[in-house]
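Reading the structure
The primary structure of each chain is shown beneath.
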Amino acid sequence: MYATDFEYAGQFLSDFGFIICSFGGSRGLETVSAGSEITFNKVSRNHGKIYSLVNTQYDGCVQASFQICKNPCVFNKQQIVSDEYREIIRWLNRKEFLDFQPFDAAKDDREEIHFKASFNVNKIILNDILCGLELIMETDKPFGYGALRNFKRKFKANEAGKIWTLRDYSDEIGSIYPKIVVTCNANGELKISNSDEGCEMIIKNCKKGEIITIDGDNQIISSSLPLESHDIAADFNYDFFRIGNSFAGRENKIAVSLPCELNIAYCPIIKDIP
């Protein structure tokens with residue numbers, strides 16, 4: 001890990017006066033899990049002369065370990081006292097996965113990738129003095145995510161069916177269900193389709209001025225109107241909109257049937273760790 005600082009759950013390692021470091025090893029070389037490890041399940045055919053792929057699955061989440069110590073530019077003494085240790089472990093060692101993003105503080109340059117993570121902590125002791133901590137990072141996914149991308153487009157009344165091309169920047173080949181916010185500018189049936197993904201999301205009885213929110217990750221749809229004005233659950237076809245990419249291309253051809261303002265937001269999948 002070449003970062004010097006990180007943000008976790010809204011706080012920075014540097015807020016505690018600590019820095020990412022290394023207490024030795026094989027000339028700085030290290031091996032860490034890159035995640036995205038795939039298990040290939042196969043069956044034998046022709047007396048073992050050929051194997052056919054039945055299915056695949058990710059076989060683990062991203063893991064990494066690195067070390068931290070008190071920043072010598074901030075502290076004269078490197079010993080970590082009990083109160084400092086307890087403050088760090090209370091911050092990092094939680095029973096939930098929270099936002100984690102490493103970066104190089106010297107360059108003031110954030111890494112694009114971020115994770116949902118938590119940490120186990122080991123003590124590094126020299127001559128009975130606690131001088132550092134080893135952090136063992138556990139995440140909830142076999143990959144990380146890039147910076148949030150927002151795509152906004154206003155479709156006018158004469159643009160029904162007009163194609164809008166959106167590019168998916170994910171490392172993962174396949175589909176993502178983004179968050180969508182639609183502001184309807186006319187009454188009627190709203191169709192949002194992506195011909196490259198073969199999906200057509202249909203919502204009937206939309207009202208002018210209505211704001212519809214689709215949480216793709218959690219498969220939830222909601223309306224700014226009260227239930228008596230629009231029972232959106234009854235008027236939805238439950239074909240949640242998705243974007244994606246194949247190895248041959250990243251383009252998604254999107255069309256909308258009703259005048260509206262469309263906001264699509266997602267974080268591309270990144271198969272890397274800093």
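Look up a bit, the structure's there.
Okay, so let's go over this structure. Here the structure is a predicted model, which means the values were calculated and not measured.

1. Quick notes on the pattern of salt bridges
- Applying the stated criterion to the full structure yields 11 salt bridges.
- Here Lys116 and Asp99 are joined by a salt bridge, their closest N and O atoms 3.0 Å apart. Taken together, the residues Lys116 in strand E9 (residues 115-126) and Asp99 in strand E7 (residues 98-104) connect sequence positions 17 residues apart.
- Under the relative-accessibility criterion, Lys116 is labelled partly exposed at 34%.
- According to the relative accessible area criterion, Asp99 is partly exposed, its value standing at 41%.
- Of the charged contacts, one joins Arg242 and Glu197 as a salt bridge, the two residues approaching to 3.6 Å between their closest N and O atoms. With Arg242 in the loop between strand E19 (220-223) and strand E20 (243-245) and Glu197 in the loop between strand E16 (188-194) and strand E17 (199-206), this pair connects stretches of sequence that are 45 residues apart.

2. Structural notes on the nonpolar core
- Of all hydrophobic cores here, the largest spans 32 residues; its most connected members are Val182, Ile192, Ile212, Phe241, Leu262 and Ile264.
- At the level of secondary structure, the elements contributing two or more residues to this core comprise strand E12 (149-155), strand E13 (164-167), strand E15 (179-184), E16, E17, strand E18 (211-215), strand E21 (251-256) and strand E22 (260-266).
- Setting aside residues up to four positions removed in sequence, Ile264 forms contacts with Arg149, Asn150, Phe151, Trp164, Leu166, Pro178, Lys179, Ile180, Phe241 and Ile254.
- Within the second largest apolar cluster, 28 residues are counted, among which are Val62, Trp91, Met137 and Ile270.

Definitions and cut-offs
Residues numbered from 1 in each chain as written. Predicted model: local features only at pLDDT ≥ 70, side-chain atom pairs only at ≥ 80, totals over all residues. Heavy atoms only, no water. Salt bridge = Lys/Arg side-chain N within 4 Å of Asp/Glu carboxyl O. Helix = DSSP H or I, 4+ residues; strand = E, 2+ residues; numbered from the N terminus. Buried < 20%, exposed > 50% of the residue type's maximum accessible area, 1.4 Å probe, protein only. Core = buried A, V, L, I, M, F, W, Y, C linked by side-chain atoms within 4.5 Å. Contact = heavy atoms within 4.5 Å.

That is the geometry; function is a separate question.
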